[in-house]
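Summary of structural features
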Amino acid sequence: MVSIRAKIKSRLEKFLEVDSSGYRRAILCIFIKVKKATIDELHEMLTSKYNVSRNTVASMVGYIHSKLGILRAHKESYKTPMVYLLREEYVDLLMKIVTSPKESAEFTA
């Protein structure tokens, strides 16, 4: 039986394989550094380096949250934005994959 970590590792690798623009790797690097962020904060950090729309960022974060399972989502009230937090149990796995030999793009925020 395949463990959850092995499934997540496989999904992360596939997620980064199709990263032609570098956005995906950059978002993951940001989460490693800041641990938690809103869509607007991520968009602001990414637009300093890439020409990316807010909807693109929201779509990628939604995919990472729902399909990869390495993020937690938290909302204080219906008026506040959703805050995404990197799950501590996957930080080491994420660091290993993001810094793998395949174009390790270091994002400096």
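Keep in mind that what you see is a predicted model, and the values were worked out from it rather than measured.

Calculation rules
Per chain, residues are indexed from 1 in the order of the written sequence. Where local features are concerned, this predicted model is filtered to residues with pLDDT of at least 70; where side-chain atom pairs are given and counted, the filter is 80 or more; whole-chain, interface and lining totals use all residues. The side-chain quantities take in all heavy atoms of the structure and omit both hydrogens and water. For the purposes of this entry, the term helix denotes a DSSP run of H or I that reaches at least four residues, the term strand denotes a run of E that reaches at least two, and both are numbered from the N terminus. When we talk radius of gyration, it's over C-alpha atoms, and the globule rule is simply 2.2 Å times the number of residues to the 0.38. The buried label applies to any residue whose accessible area, calculated with a 1.4 Å probe on protein chains only, is under 20% of its type's maximum; exposed applies above 50%, and partly exposed to all values in between. By definition in these notes, contact holds between two residues if any of their heavy atoms fall within 4.5 Å. None of His or the chain ends enter the tally, which takes Lys and Arg as positive and Asp and Glu as negative. Positions of charges follow a simple convention, taking NZ of Lys, CZ of Arg, CG of Asp or CD of Glu. Definition of nonpolar core: a set of buried residues of the types Ala, Val, Leu, Ile, Met, Phe, Trp, Tyr and Cys, connected through side-chain atoms within 4.5 Å. One speaks of a salt bridge when a side-chain nitrogen belonging to Lys or Arg is within 4 Å of a carboxyl oxygen belonging to Asp or Glu. Strand pairing is assigned whenever DSSP detects at least two bridges linking the two strands.

**Focus: the overall build of the chain**
On a plain count of helices and strands, the chain comes out with 5 helices and 3 strands. Starting at the N terminus, the α and β elements of the chain follow one another as α-α-β-α-α-β-β-α. The C-alpha radius of gyration of the chain comes to 13 Å, within 12% of the 13 Å expected for a compact globule of 109 residues. Along the first, second and third principal axes, the C-alpha atoms of the chain reach 40 × 30 × 20 Å. Taking all 109 residues of the chain together, the buried fraction comes to 35%. The long-range fraction of contacts in the chain, counting pairs at least 24 apart against all pairs at least 6 apart in sequence, stands at 59%. Charged side chains in the chain number 19 positive and 12 negative. The centres of these two groups are separated by 5 Å.

**A few points about the nonpolar core**
Counting residues in each nonpolar core, the largest one holds 33 residues, and the members touching the most others are Leu-28, Val-61 and Ile-70. Of all the secondary structure elements, the ones that give two or more residues to this core are helix 1 (4–17), helix 2 (23–34), helix 3 (39–47), helix 4 (54–68), strand 3 (83–86) and helix 5 (91–98). Looking at this core, the element that brings in the most residues is helix 2, giving 8 residues. Not counting residues within four places of it along the chain, the set of residues in contact with Ile-70 comprises Ile-8, Leu-12, Leu-28, Ile-64, Leu-85, Leu-86, Arg-87, Tyr-90 and Leu-94.

**Notes on the pattern of salt bridges**
Within the structure shown, the criterion is met by 3 salt bridges. The closest approach of N and O atoms between Glu-13 and Lys-9, which form a salt bridge, is 3.6 Å. Remark: Lys-9 and Glu-13 occur in helix 1; sequence separation between them is 4 residues, near one turn of the helix. Residue class for Lys-9 comes out partly exposed when judged on its relative accessible area of 34%. Between Asp-40 and Arg-54 there is a salt bridge, with its nearest N and O atoms 2.6 Å apart. Taken as a pair, Asp-40 in helix 3 and Arg-54 in helix 4 lie far apart in primary sequence, 14 residues in all. For Arg-54, a relative accessible area of 37% puts it in the partly exposed group.

**Structural notes on the sheet that holds strand 1 (residues 36–37)**
Neighbouring strands of a sheet are bound in pairs by backbone hydrogen bonds; such pairs are parallel or else antiparallel. One open sheet accounts for 3 strands, arranged 1-3-2; its pairing is antiparallel. The sheet terminates laterally at strand 1 and strand 2 (71–74), the two strands that pair on one side only. With 2 bridges connecting them, strand 1 and strand 3 associate as antiparallel partners. The residue of strand 3 that forms the bridge with Lys-36 is Leu-85.

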